[in-house]
Amino acid sequence: MAVILAPSSESTLTDRYQTTIPDPVRKFLGLDKRDKICYTIQPDGKVVISRVDKTESDPILGKFLNFIAQDIEKNPQHLQTISSDLVSRVQSLVAEVYLDLDSPLSDEDE
């Protein structure tokens, strides 16, 4: 898909120093929800924004998952199936919950 960029794009900084990446920039960089971006400050004072390669892994999450895997291996007797009652209960609790990660934060959440 070809993306035609305007010479520049703007966004506003919130009181909490947050902003929305303009749509043409998101499309050009191929950004998806929850992607990471990198800011590189150049000697001339310009800042370059780029998408962080998705192959990077979270070291904390990796350690946690390794811990879980080791515990399962050492103690398989601790594994239990989830009851259908619990599944039904959780589904009923979140049935009407909707979350749009693209929507801006409300003033209350800023």
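In this text the structure is predicted, and so the values were computed from the model without any measurement.

1. Side note on the overall build of the chain
When you go through the chain residue by residue, the secondary structure sums to three helices and two strands. Going from N to C terminus, the chain has its helices and strands arranged as α-β-β-α-α. Burial statistics for the chain: of 110 residues in total, 5% are counted as buried. Partitioning the contacts of the chain with sequence separation of at least 6, the portion at a separation of at least 24 is 20%. Summing over all exposed atoms, the chain offers an accessible surface of approximately 10400 Å²; the carbon and sulfur share of this is 55%.

2. A closer look at the pattern of salt bridges
Considering all chains together, one arrives at two salt bridges under this definition. Across the pair D23 and K27 runs a salt bridge, and its minimum N-O distance is 3.2 Å. One end of the pair, D23, and the other, K27, are both in helix α1 (residues 23-29), four residues apart, so they sit about a helical turn from each other. Residue classification places K27 among the partly exposed positions, given a relative accessible area of 45%. Here the salt bridges share partners, and the residues they tie into one network are D23, R26 and K27.

3. Observations concerning the pairing of strand β1 (residues 37-41)
Pairing between β1 and strand β2 (residues 47-51): five bridges, direction antiparallel. Opposite I37, over in β2, you have R51 as the bridge partner. Here β1 folds back onto β2 in antiparallel fashion, the turn holding five residues, of which G45 has a positive phi close to 95°.

4. Describing the confidence of the model for the chain
The share of residues in the chain with pLDDT of 70 or more is 89%, and the mean pLDDT across the chain is 86. The least confident element of the chain, judged by mean pLDDT, is α1 at 89; the most confident is helix α3 (residues 84-94) at 94.

5. Comments concerning unusual backbone geometry
In this model, Y17 sits at a positive phi of 60°, which is unusual for a non-glycine residue. Although it is not a glycine, R34 adopts a positive phi angle of roughly 70°. Following the sequence through the fold, R34 ends up in the loop between α1 and β1.

6. Points about a nonpolar patch on the surface
On the surface, a nonpolar cluster with roughly 670 Å² of combined accessible area is contributed by L61, F64, L65, F67, I68, I72 and L79. Within the secondary structure, I72 sits in helix α2 (residues 59-74).

7. Let's talk about the environment of V48
As for its position among the elements, V48 is in strand β2. In this structure the C-alpha to C-alpha distance between V48 and C38, which are 10 residues apart in sequence, comes to 8.0 Å. Not counting residues within four places of it along the chain, the set of residues in contact with V48 comprises C38, Y39, T40 and Q42.

Conventions adopted
Residues numbered from 1 in each chain as written. Predicted model: local features only at pLDDT ≥ 70, side-chain atom pairs only at ≥ 80, totals over all residues. Heavy atoms only, no water. Helix = DSSP H or I, 4+ residues; strand = E, 2+ residues; numbered from the N terminus. Buried < 20%, exposed > 50% of the residue type's maximum accessible area, 1.4 Å probe, protein only. Contact = heavy atoms within 4.5 Å. Areas by Shrake-Rupley, 256 points an atom, 1.4 Å probe, with all protein chains shown as cover. Salt bridge = Lys/Arg side-chain N within 4 Å of Asp/Glu carboxyl O. Pairing = 2+ DSSP bridges. pLDDT = per-residue confidence, 0-100. Patch = residues over 30% accessible without salt bridge, like charges linked within 9 Å, V, L, I, M, F, W, Y side chains within 5 Å.

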